[in-house]
Amino acid sequence: ELKVEQNPLFLSMQEGKNYTIYCNYSTTSDRLYWYRQDPGKSLESLFVLLSNGAVKQEGRLMASLDTKARLSTLHITAAVHDLSATYFCAPDLSRAQKLVFGQGTRLTINP
Amino acid sequence: GAGVSQSPRYKVAKRGQDVALRCDPISGHVSLFWYQQALGQGPEFLTYFQNEAQLDKSGLPSDRFFAERPEGSVSTLKIQRTQQEDSAVYLCASTPGWGLAGAGSTDTQYFGPGTRLTVL
């Protein structure tokens, strides 16, 4: 059974700072998705990582995937308040897009 | 174009009642997924359709849960004899691809706004 652990679960940081969210998963998966969820809203796709060593960047967010270590990271650079949300990673368990979501990291960015 | 829509957005049911939740995927999307999201948790997979075929229902928590997609477009998730532990947000997602290794298997899942079910 695939288990997904995100770390930290809660993160409060100041604007302008950098931080990294970690996503560890327990079995082989060669693709992983990152999603954002605002309170009371649905999930918004951020990144799809398709292979070992994949790195994608969009604005102040950068995601990477190490399939050998079963680890993905989401790095936030010079955080701004608009990035406050809950972030989920989701490895694809079966290549049929049967995603297994982590518990989520609730990020709060303070002015 | 229109995204994934779900109805109703909110549903309150008394314990023991049956409920039906509807999902309208993006037009033309082949694959459709249902997830259950408990408060403060990540979504958990319930079931998956490729057109009208239900290819995976391993996540359905009990035989009280039933999903269908008879014409390969709109899907309905039905919960019979609702229990308090069924209270959650039910999310629907769709992708254009076939969900198999190969063509379309990297498609992003586009999520609907969800239906918040509260069972009293």
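The notes below deal with the structure included here.

Reading guide: rules and limits
Residues numbered from 1 in each chain as written. Chains lettered and ligands numbered in written order. Predicted model: local features only at pLDDT ≥ 70, side-chain atom pairs only at ≥ 80, totals over all residues. Heavy atoms only, no water. Core = buried A, V, L, I, M, F, W, Y, C linked by side-chain atoms within 4.5 Å. Buried < 20%, exposed > 50% of the residue type's maximum accessible area, 1.4 Å probe, protein only. Phe/Tyr/Trp six-rings, centres within 6.5 Å; stacked < 30°, edge-to-face > 60°. Helix = DSSP H or I, 4+ residues; strand = E, 2+ residues; numbered from the N terminus. Contact = heavy atoms within 4.5 Å. Disulfide = S-S within 2.5 Å. Buried area = accessible area lost by both parts, 1.4 Å probe. Salt bridge = Lys/Arg side-chain N within 4 Å of Asp/Glu carboxyl O. Polar contact = N/O pair within 3.5 Å; in protein donor to acceptor, adjacent residues only side chain to side chain. Nonpolar A, V, L, I, M, F, W, Y, C, P; charged D, E, K, R; others polar. 1 Å grid on protein atoms, 1.4 Å probe; cavity = no way out; pocket = protein on both sides within 12 Å on 5 of 7 lines; lining within 4 Å. Points joined across faces, edges and corners; volume = space filled by probe spheres on them.

**Brief notes about the nonpolar core**
So, point 1. Grouped together as the largest cluster of nonpolar side chains are 25 residues, with contacts concentrated most on A:Leu32, A:Trp34, A:Leu74 and A:Tyr87.
So, point 2. One finds B:Leu46, B:Ile79, B:Ala88 and B:Tyr90 within the second-largest nonpolar core, a separate group that totals 20 residues.

**Things to note about the packing of aromatic side chains**
So, point 1. In the structure shown here, the tally under the stated rule is 10 aromatic pairs over all chains.
So, point 2. A ring pair is formed by B:Phe33 and B:Tyr48, whose centres lie 4.8 Å apart and whose planes are at 15°; its orientation type is stacked. Taken together, the residues span a long stretch of sequence, with B:Phe33 in strand β4 (residues 31-37) and B:Tyr48 in strand β5 (residues 44-50) at a distance of 15 residues. The residues B:Phe33 and B:Tyr48 share a single accessibility class, namely buried.
So, point 3. By the ring-pair criterion, three or more aromatic residues cluster together here, those being A:Tyr35, A:Phe88, A:Phe101, B:Phe33, B:Tyr35, B:Phe45, B:Tyr48 and B:Phe111.

**A word on unusual backbone geometry**
So, point 1. With an omega of 0°, the peptide bond running from A:Asn7 to A:Pro8 counts as cis.
So, point 2. Note that A:Pro8 resides in the loop between β1 (4-7) and β2 (10-14).
So, point 3. The linkage connecting B:Ser7 with the following residue, B:Pro8, adopts the cis geometry, with an omega of -10°.
So, point 4. For B:Pro8, the position within the fold is in the loop between β1 (5-7) and β2 (10-13).
So, point 5. Here the phi dihedral of A:Arg70 falls at roughly 55°; this positive angle occurs in a residue that is not glycine.
So, point 6. Relative to the assigned elements, A:Arg70 resides in the loop between β7 (61-66) and β8 (71-76).
So, point 7. In this model, B:Asn51 sits at a positive phi of 55°, which is unusual for a non-glycine residue.
So, point 8. Position of B:Asn51 among the secondary structure elements: in the loop between β5 and β6 (53-56).
So, point 9. For B:Asn51, a relative accessible area of 24% translates into the label partly exposed.

**A look at the side chain of B:Gln109**
So, point 1. Within the secondary structure, B:Gln109 sits in the loop between β9 (88-95) and β10 (110-111).
So, point 2. By relative accessible area, which is 2% here, B:Gln109 ends up buried.
So, point 3. Among all residues touching B:Gln109, those that are not within four sequence positions of it are A:Tyr35, A:Gln97, A:Leu99, B:Phe33, B:Tyr35, B:Ala93, B:Ser94 and B:Thr95.

**Notes on the state of the cysteines**
Residue and element names in this part refer to chain B.
So, point 1. Tallied over the entire structure, the rule returns two disulfides over all chains.
So, point 2. Here Cys23 connects covalently by a disulfide to Cys92, the sulfurs 1.8 Å from one another. Disulfide Cys23 to Cys92: torsion about the S-S bond roughly -65°, handedness left-handed. Note that Cys23 is positioned in strand β3 (residues 19-24) and Cys92 in strand β9, a separation of 69 residues in sequence. Neither residue differs from the other here; Cys23 and Cys92 are each classed as buried.

**With respect to the interface of chain A and chain B**
So, point 1. The interface of chain A with chain B comprises 19 residues on the first partner and 25 residues on the second.
So, point 2. Carbon and sulfur atoms make up 49% of the area that chain A and chain B hide from each other, which totals about 1700 Å².
So, point 3. Counting across the chain A and chain B interface gives zero salt bridges.
So, point 4. Viewed at the interface, chain B and chain A are joined by three residue pairs in polar contact (both at pLDDT 80 or more).
So, point 5. Taken together, the elements giving at least two residues each to the side of chain A that touches chain B come down to β4 (32-37) and β5 (43-49) of chain A.
So, point 6. A class-by-class count of the residues in the side of chain A that touches chain B yields nine nonpolar, six polar and four charged.

**Here's the deal with the layout of surface pockets**
So, point 1. Reported here for the largest pocket is a volume of approximately 700 Å³.
So, point 2. Around the largest pocket, the lining comprises 35 residues; the ones closest to its centre are A:Gln37, A:Arg106, B:Gln37, B:Leu39 and B:Gly40.
So, point 3. Broken down by secondary-structure element, the contributors of at least two residues to the lining of the largest pocket are β9 (85-91) and β10 (105-110) of chain A together with β9 and β11 (115-119) of chain B.
So, point 4. Looking at the lining of the largest pocket residue by residue, the class counts come to 14 nonpolar, 16 polar and five charged.
So, point 5. The wall of the second largest pocket is formed by 22 residues, among which A:Glu1, A:Leu2, A:Val100, A:Phe101 and B:Glu44 lie closest to the centre.
So, point 6. Looking at the lining of the second largest pocket, the element that brings in the most residues is β5(B), giving three residues.
So, point 7. When the residues that make up the lining of the second largest pocket are grouped by side-chain class, the tally is 10 nonpolar, seven polar and five charged.

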